[in-house]
Amino acid sequence: MIETRHIEFETKGDADVVDITRMVVNAVRSSELTDGIVVVFVPGATGALTTIEYEPGLVADMRRALERVAPEGEEYEHNRRWGDGNGHSHIRASLIGPSLTVPVVNGELALGRWQQMVFIDMDNRPRRRRLLLQIMGETRSDR
């Protein structure tokens, strides 16, 4: 079985960290997948996906780390060429990456106790984001 779904939500930009775990869990559960994987993908160059313990301290730490790695105030060739001021956004998103793959075991995501799936909007403005999910594996009817 391969099923493609989407999830949509609003973001604030500026390294906004959004917990998408519940949305992905709901999509997997409604697919009736028992064992396999779910791939979550960002179709865009200024968003990223990772896992994190989603709590305020660590979210703030992540934002500070991103600022150290690719500071907003630096000069970027992208900004000179396009004038949109989001060169740092592209660098940050590229370093973390646009996709996340999570195993599904007995119909549940195989995440650790303190591990949540997050989308990080690196862009410098609020956006409406749409993520693509591909849910692949066996269903109850395959057994």
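First things first, this report covers the structure right here in the doc.

Definitions and limits used
- Residues numbered from 1 in each chain as written.
- Predicted model: local features only at pLDDT ≥ 70, side-chain atom pairs only at ≥ 80, totals over all residues.
- Heavy atoms only, no water.
- Helix = DSSP H or I, 4+ residues; strand = E, 2+ residues; numbered from the N terminus.
- Buried < 20%, exposed > 50% of the residue type's maximum accessible area, 1.4 Å probe, protein only.
- Areas by Shrake-Rupley, 256 points an atom, 1.4 Å probe, with all protein chains shown as cover.
- Lys, Arg positive; Asp, Glu negative; His and termini not counted.
- Charge placed at Lys NZ, Arg CZ, Asp CG, Glu CD.
- Salt bridge = Lys/Arg side-chain N within 4 Å of Asp/Glu carboxyl O.
- 1 Å grid on protein atoms, 1.4 Å probe; cavity = no way out; pocket = protein on both sides within 12 Å on 5 of 7 lines; lining within 4 Å.
- Points joined across faces, edges and corners; volume = space filled by probe spheres on them.
- Nonpolar A, V, L, I, M, F, W, Y, C, P; charged D, E, K, R; others polar.
- Pairing = 2+ DSSP bridges.

Looking at the overall build of the protein chain
When helices and strands are counted, the protein chain shows four helices and eight strands. Each helix and strand of the protein chain, ordered N terminal to C terminal, gives the series β-β-α-β-β-α-α-α-β-β-β-β. With respect to the three principal axes, the spread of C-alpha positions in the protein chain is 55 × 30 × 20 Å. For the protein chain, the residues scored as buried account for 39% of the 143 residues in total. Surface exposure of the protein chain reaches about 7,800 Å², of which carbon and sulfur atoms provide 50%. Side-chain charges of the protein chain comprise 18 positive and 22 negative groups, with the mean position of each set lying 2 Å from the other.

A word on the pattern of salt bridges
Per the counting criterion, the structure on display carries twelve salt bridges. R64 is paired through a salt bridge with D61; the nearest N and O atoms lie 2.5 Å apart. Here D61 and R64 lie together in helix α2 (residues 56-69), a separation of three residues that amounts to about one turn. On the basis of relative accessibility, which here comes to 47%, the residue R64 falls in the partly exposed class. Across the pair E77 and R80 runs a salt bridge, and its minimum N-O distance is 2.4 Å. You can see E77 and its partner R80 sitting in helix α3 (residues 77-82), three residues apart, about one turn around the helix. R80 shares its class with E77; the two are exposed. Each member of the salt-bridge network shares a partner with another, and the members are E8, E10, R128 and R130.

Quick word on the environment of E138
With respect to the helices and strands, the residue E138 is situated in strand β8 (residues 127-139). Residues E138 and G36 lie 102 residues apart in sequence; the distance between their C-alpha atoms is 6.3 Å.

Describing the layout of surface pockets
Over the atoms, a rolled probe matching the size of one water molecule traces out where space is still vacant. Size it by volume and the largest pocket reaches roughly 170 Å³. The wall of the largest pocket is formed by D19, T21, R22, V25, R29, E108, L109, L111, G112, Q115 and Q116. Elements represented by at least two residues in the lining of the largest pocket include exactly α1 (21-31) and β6 (108-109). The element contributing the most residues to the lining of the largest pocket is α1, with four residues. Here the lining of the largest pocket is composed, by residue class, of three nonpolar, four polar and four charged.

What to know about the sheet that holds strand β1 (residues 2-11)
Read from one edge to the other, the open sheet built from five strands follows the order β1-β8-β3-β5-β6, with strand pairing classed as antiparallel. Lying at the two open borders of the sheet, with one neighbouring strand each, are β1 and β6. Note: β1 against β8, ten bridges, orientation antiparallel. Its bridge partner lying in β8, E10 is registered against R128.

These figures come from the coordinates and say nothing about function on their own.
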